[in-house]
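# Structural overview for review
Spelled out, the chains give:
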Amino acid sequence: MSLTGKHILSSDLFDRDELERLFELADLLVPVARGQQVTRVLEGAVLASLFFEASTRTRLSCETAFLRLGGGVTSTTGTEVTSIAKGETLADTSRVVSGYCDLVVMRHPEVSSIHEFAAATNVPVINAGNGAGEHPTQALLDMFAIHREFGRLGKTVDGSRIALVGDLRHGRTVHSLVKLLSRYEDLTIVCVAPDELNMPAHLLELAAERGHTVEESDQPSLGLKDADVVYTTRLQTERFKDRPLPYSDDFRVDAALADRVFRSDAVIMHPLPRDGRPGSNDLSPDLNRDPRLAIFRQTDAGIPTRMALFASVLGVADEIRDSLRPARWYRPEFVGPDDAPFYK
Ligand code: NCD
């Protein structure tokens, strides 16, 4: 299958071959993402980046990925400063914006928004998060991060035990991730959440139909045990409106829990942002110096993954290898002062 010209609305689109092809391209693009090499395969192309809901990393990493491919970016954030505030439909916005650019990345709080937007244009549209629906580019970067961590650890995704913990009902990243995980073989997928925040049944069924073992637990100290990947998530408070939040301290993933129940070679992930305020029941900053914590290697993985996707959707993936040149500006060897030595 070719991704050229396709809308990327769901992670359903990617089968195993497509994932492997994208990750091979993303591996090639890591030095470009790190500012060590340069490519200009998208010179002259324009990305429209439309974020009608809060974002830091998805917007910046999509825009950075496009810029690092040599393209340009035009963007808007929020609805207050756009014509949506004047009653414009998403279909009209879509047709207008498509006349200005070659690719659209959009985030919106409504699940149906991305479909309405994509139906009004032939310019490829990439879903950067549609309410509690999906977040396919996050799932791609999560899988790419797992591929790199497992490469370092000498493990394969096939046959591994992957635990997802937190607000699995409203968390769109885990919805897209389960679809990608299910493309591998013989996984045990453990969903760890309070009853009210369980993974939607259709996704559990999909994983089971594709031959995986699916387990559910409402106790992190049991559910996260022996997992090769512990994928933590934030309570999606913005999706609760006035309902009480069904969460206890047990859902705080901290050093005490990790030392008690996690494997010594576990990969601890989070799509971020995490709620780092004292007392929050999220991934605790007290794990920051634990080499098992892969969250910043994971965010870094967003740039090469999105570059690989954009180049594929715009039909220039085959030109990348021959286009690479060395970069000449200064870059530190490690971005974060605490980056682990296996950061390669
Ligand atoms: C996630 C999102 O927006 O769904 N953030 C992200 O894009 N990395 C996760 C979240 O907000 O909890």
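A few points on the structure.

Thresholds applied
- Residues numbered from 1 in each chain as written.
- Predicted model: local features only at pLDDT ≥ 70, side-chain atom pairs only at ≥ 80, totals over all residues.
- Heavy atoms only, no water.
- Pairing = 2+ DSSP bridges.
- Helix = DSSP H or I, 4+ residues; strand = E, 2+ residues; numbered from the N terminus.
- Axes fitted to C-alpha atoms, helices over the stretch in contact; angles between N-to-C directions.
- Near = heavy atom within 4 Å.
- Polar contact = N/O pair within 3.5 Å; in protein donor to acceptor, adjacent residues only side chain to side chain.
- Nonpolar A, V, L, I, M, F, W, Y, C, P; charged D, E, K, R; others polar.
- Buried < 20%, exposed > 50% of the residue type's maximum accessible area, 1.4 Å probe, protein only.
- Phe/Tyr/Trp six-rings, centres within 6.5 Å; stacked < 30°, edge-to-face > 60°.
- Lys NZ or Arg CZ within 6 Å of the ring centre and 35° of its normal.
- Expected span 1.5 Å × (residues − 1).
- Bend = angle between axes of the 7 residues up to and from the residue.
- Contact = heavy atoms within 4.5 Å.
- Core = buried A, V, L, I, M, F, W, Y, C linked by side-chain atoms within 4.5 Å.

### Details of the sheet that holds strand 2 (residues 46-51)
The parallel open sheet is built from four strands, whose spatial order is 3-2-4-5. In the strand order of this sheet, the two ends are held by strand 3 (72-77) and strand 5 (125-130), each with one partner. Each neighbouring strand pair of the sheet contributes to a mean axis angle of 10°, computed without reference to strand direction. Across six bridges, strand 2 lies against strand 3 in parallel orientation. Its bridge partner lying in strand 3, Leu 50 is registered against Thr 76.

### Regarding the site of the ligand
Taken together, Thr 58, Arg 107, His 135, Gln 138, Arg 172, Thr 173, Arg 234, Gln 236, Pro 271, Leu 272 and Pro 273 make up the full set of residues near the ligand. Separating an oxygen atom of the ligand from a side-chain N or O atom of Gln 236 is a distance of 2.8 Å. Residue composition of the shell around the ligand, grouped by class: three nonpolar, five polar and three charged.

### Quick look at unusual backbone geometry
Excluding glycine, a negative phi dihedral is what most residues carry, and trans is how most peptide bonds are arranged. Residues Leu 272 and Pro 273 are joined by a peptide bond in cis, for which omega reads 5°. Turning to its location among the elements, Pro 273 is positioned in the loop between strand 10 (267-269) and helix 10 (295-313). In this structure, Asp 186 is a non-glycine residue whose phi angle is positive, near 60°. Assignment of secondary structure puts Asp 186 in the loop between helix 6 (172-181) and strand 7 (188-192). For Asp 186, a relative accessible area of 55% translates into the label exposed. A positive phi angle is found at Asp 226, which is not glycine, with a value near 65°. For Asp 226, the location among the structural elements is in the loop between helix 8 (220-223) and strand 9 (229-232). Overall, the relative accessible area of 44% leaves Asp 226 in the partly exposed class.

### Here we look at the packing of aromatic side chains
Following the criterion strictly, the structure yields three aromatic pairs and no others. Ring geometry for Phe 23 against Phe 144: centres 5.6 Å apart, planes inclined by 40°, an arrangement best described as tilted. On the criterion of sequence distance, the pair formed by Phe 23 in helix 1 (residues 16-33) and Phe 144 in helix 5 (residues 136-153) is long-range, its members being 121 residues apart. By relative accessible area, which is 3% here, Phe 23 ends up buried. The ring of Phe 150 carries the charged tip of Lys 155 above its face, separated from the ring centre by 5.7 Å.

### Topic: helix 1
Compared with an ideal rise of 1.5 Å per residue, which puts 18 residues at 26 Å, helix 1 spans 24 Å between its outermost C-alpha atoms and is within 8% of the ideal. Roughly 35° is the biggest bend found in helix 1, and it falls at Asp 27, with proline Pro 31 one to four residues downstream. Along helix 1, the residues that are buried comprise Glu 18, Leu 19, Leu 22, Phe 23, Leu 25, Ala 26, Leu 28, Leu 29, Val 30, Val 32 and Ala 33. Against strand 1 (37-38), helix 2 (57-68), helix 5, helix 6, helix 10 and helix 11 (320-323) lie the buried residues of helix 1. Backbone geometry just after helix 1 places Gly 35 at a positive phi near 75°.

### Re the sheet that holds strand 9
Taking strand neighbours across the sheet as the criterion, the five strands line up as 8-7-6-9-10 in an open arrangement whose pairing is parallel. Edge strands, defined here as strands with exactly one partner in the open sheet, are strand 8 (213-217) and strand 10. Put simply, the sheet's adjacent strands are angled 15° from each other on average, direction ignored. The sheet contact formed by strand 7 and strand 8 spans five bridges and is parallel. In the strand pairing of strand 8, Val 190 is matched with Glu 215. Its contacts with the sheet place helix 7 (residues 201-209) against strand 7 and strand 8, and it is angled at close to 145° to strand 8.

### Some thoughts on the nonpolar core
Within the largest apolar cluster, 91 residues are counted, with the highest numbers of intra-cluster contacts made by Leu 164 and Phe 262. Per-element accounting of this core gives the leading share, ten residues, to helix 1. Those residues within four positions of Phe 262 in sequence are excluded, and the remaining contacts are Leu 224, Val 230, Val 253, Leu 257, Ile 268 and Arg 292. Judged by nonpolar contacts, the second largest core, of 14 residues, contains Val 97, Val 104, Ala 118 and Val 125.

So, to be careful, I would describe these as geometric facts and stop short of saying anything about function.
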